[in-house]
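Reading the structure
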Amino acid sequence: MPMLTKIYRLVFIALLASLTACGRFAAVPTLISPAHPTLGIFNVPQTERYELLIDKTAIFPKLYETLNSAEHKIQIEIFLLGGTIGSTIADILIAKQQNGVQIQLVVDSKLGALDSFKDQIIPTLKKLKEHGITIKAFPVNVLPQDPTLISNIGIINHMKLVIVDESKAMFGGMNFVDTEADNRDYMVYTEGPAAKALSPIIAKDWQLSPDLKWKENYNKYSFHSQAFSPILTEEP
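Note that the structure is predicted; figures quoted are calculated from it, not measured. Residue positions are counted from 1 within each chain, in the order its sequence is given. Local features in this predicted model are restricted to residues of pLDDT 70 or higher, and side-chain atom pairs are both shown and tallied only at a pLDDT of 80 or more, whereas totals for entire chains, interfaces and linings draw on every residue. Each side-chain value is worked out from all heavy atoms of the structure, with water and hydrogens disregarded.

A short note on the packing of helix H2 (residues 56–68) against helix H3 (residues 83–98)
- Where H2 contacts H3, the axes come no closer than 10 Å and their chain directions differ by 10°. With respect to each other, H2 and H3 are oriented roughly parallel. Crossing geometry of H2 relative to H3 is assigned as right-handed. Here Phe-60, Leu-63, Tyr-64, Leu-67 and Asn-68 of H2 come into contact with H3, specifically with Ile-85, Thr-88, Ile-89, Ile-92 and Lys-96.
- As a working rule, the residues Ala, Val, Leu, Ile, Met, Phe, Trp, Tyr, Cys and Pro are called nonpolar, Asp, Glu, Lys and Arg charged, and the rest polar, with Gly in that last group. Looking at the contact of H2 with H3 residue by residue, the class counts come to 7 nonpolar, 2 polar and 1 charged. A fitted line through C-alpha atoms represents every axis, and for helices the fit uses only the stretch in contact; the resulting angles, taken between N-to-C directions, go from 0 to 180 degrees. Here a helix means four or more residues in a row that DSSP labels H or I, a strand means two or more in a row labelled E, and each is numbered from the N terminus. Every angle not falling under 35 degrees, over 145, or within 65 to 115 is termed oblique; those three ranges are roughly parallel, roughly antiparallel and roughly perpendicular. Should the near helix be turned counterclockwise from the far one by less than a right angle, the crossing is left-handed, whereas a clockwise turn marks it as right-handed. We call two residues in contact whenever any of their non-hydrogen atoms come within 4.5 Å of each other.

Some words on the nonpolar core
- By nonpolar core is meant a set of buried Ala, Val, Leu, Ile, Met, Phe, Trp, Tyr and Cys residues that side-chain atoms within 4.5 Å join together. Three exposure classes are used, based on accessible area relative to the maximum for each residue type with a 1.4 Å probe and protein chains only: buried under 20%, partly exposed in between, and exposed over 50%. Counting residues in each nonpolar core, the largest one holds 41 residues, and the members touching the most others are Leu-67, Ile-74, Ile-76, Ile-89, Leu-125, Leu-128 and Phe-176.
- The set of elements that each furnish at least two residues to this core consists of H2, strand E4 (73–78), H3, strand E5 (102–108), helix H4 (115–130), strand E6 (135–138), strand E7 (160–164) and strand E9 (186–191).
- Among the elements that line this core, the one with the most residues is H3, at 6 residues.
- Among all residues touching Ile-89, those that are not within four sequence positions of it are Leu-63, Tyr-64, Leu-67, Ile-76, Leu-81 and Phe-176.

Description of the packing of aromatic side chains
- Geometry of aromatic contacts follows a simple scheme: Phe, Tyr and Trp rings, the Trp one being its six-membered ring, pair when their centres are within 6.5 Å, and the pair is stacked under 30 degrees between planes, edge-to-face over 60, tilted otherwise. In this structure the tally under the stated criterion is 2 aromatic pairs.
- By the criterion adopted, a ring carries a charge over it if an Arg CZ or a Lys NZ lies within 6 Å of its centre and within 35 degrees of its normal. Lying across the ring of Tyr-189, Lys-62 places its NZ or CZ 4.3 Å from the centre.
- The ring centre of Trp-206 lies 4.3 Å from the NZ or CZ of Lys-136, which sits over that ring.

Structure below.
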């Protein structure tokens, strides 16, 4: 239906614009220096299909279906990944990597910042690490900084972007963690050239981001004050 297609395209463009407004979105980000990405220009291509997904009853079944369809590569850049939802995603990623699918997973270096999020996120990331999945932590200190340290403490990587085989993509507002799943949220599913054009975003962030590292005690954590990279440590 022409009107429905137009609505999907407008939502798609609006979501792309919101990502661009965050200073994090470009088909191939331009670097002022190796550590400082800057805003690029992304032209929305024509694509074969858009599907607007509203709330968890539509979003997560489509997400699991999309991930399970992967044959070559799964790319995920996500703010919150944890709980039973994160565990389900982890199971899919582990199985896919064992079958030869390349996995690129980039998370927020502050692990959601709040303890209530970390309690869900850390077990999921531990499970992934123990099964050989490489996890990258986006270094938020490369983003534009405010003059005061207090302002910078709140800077996070707020992305929610999934790409499969450079041909299918999902993006929008939903985090992949139980406590956020009941929120009112939209995601857009798309296939075709748009999905392929989105892939370099995660590929570039994957290259830019260091590996997520921690020590034996997964329940205790602290943050490096310069790079904002998580270093999970034992009890002092």
